[in-house]
Amino acid sequence: MAQDTSTAATRTSNGSSQEVQSFEMLRRGLDEIRQEAQSSRQYAQQAQNLARQVQQQARQVQHQSQVAQSQANQAAQQAQQARQQAMQAQNQAQQAQSEADRAQSQAQQAQSEANQANQRCQSAQDQSDQAAQLAQQAEEQSNRAQDRAMQWELQLHQVRQQVRQM
């Protein structure tokens with residue numbers, strides 16, 4: 001009977017030892033699970049932080065994209081205004097060229113009229129010179145006629161004296 005008690009105690013002792021080992025294994029398993037859970041929580045926290053950073057970067061990129069789009073729109077408006085100003089300047093240059101052409105045409109016409117007036121003046125001068133020459137010739141002829149008339153009168157006077165003397 002003592003042997004049965006010893007055997008039972010040994011069994012109980014052995015059973016307690018196995019339970020302790022089983023509890024120890026369970027405790028170690030739970031610790032590992034807790035550590036894995038803690039690691040998983042840390043990974044999840046890091047993932048959330050990373051997701052927040054990525055989201056913040058995405059917002060920054062979106063803002064930068066909006067700023068760039070606004071700047072592109074402003075540049076396009078400025079380019080359109082520059083094109084309009086260039087077209088206006090070109091129109092003004094064409095108008096100025098047209099006015100310069102008209103002024104050139106008017107200057108040519110005025111020069112032509114001045115040339116014609118000079119020709120008429122030269123023609124009038126030539127006619128005046130011819131008239132002066134004709135007047136000179138007429139005066140010379142008149143002087144010669146007067147000389148002949150005086151010679152005839154002198155001869156007539158001499159003939160009368162001769163007739164009286166006879």
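As a starting point, this report considers the structure included with it. (Residues numbered from 1 in each chain as written. Predicted model: local features only at pLDDT ≥ 70, side-chain atom pairs only at ≥ 80, totals over all residues. Heavy atoms only, no water.)

Time to look at the pattern of salt bridges. Under the defined criterion, the tally for this structure stands at 4 salt bridges. With a closest N to O distance of 3.2 Å, R27 and D31 form a salt bridge. Placement of the pair is R27 and D31 together in helix 1 (residues 2–165), with a separation of 4 residues, close to one helical turn. For R34, the salt bridge identified is with D31, shortest N-O distance 3.0 Å. One end of the pair, R34, and the other, D31, are both in helix 1, 3 residues apart, so they sit about a helical turn from each other. The class for R34 is exposed, based on a relative accessible area of 51%. Salt bridges sharing common partners tie together E24, R27, R28, D31 and R34. (Salt bridge = Lys/Arg side-chain N within 4 Å of Asp/Glu carboxyl O. Helix = DSSP H or I, 4+ residues; strand = E, 2+ residues; numbered from the N terminus. Buried < 20%, exposed > 50% of the residue type's maximum accessible area, 1.4 Å probe, protein only.)

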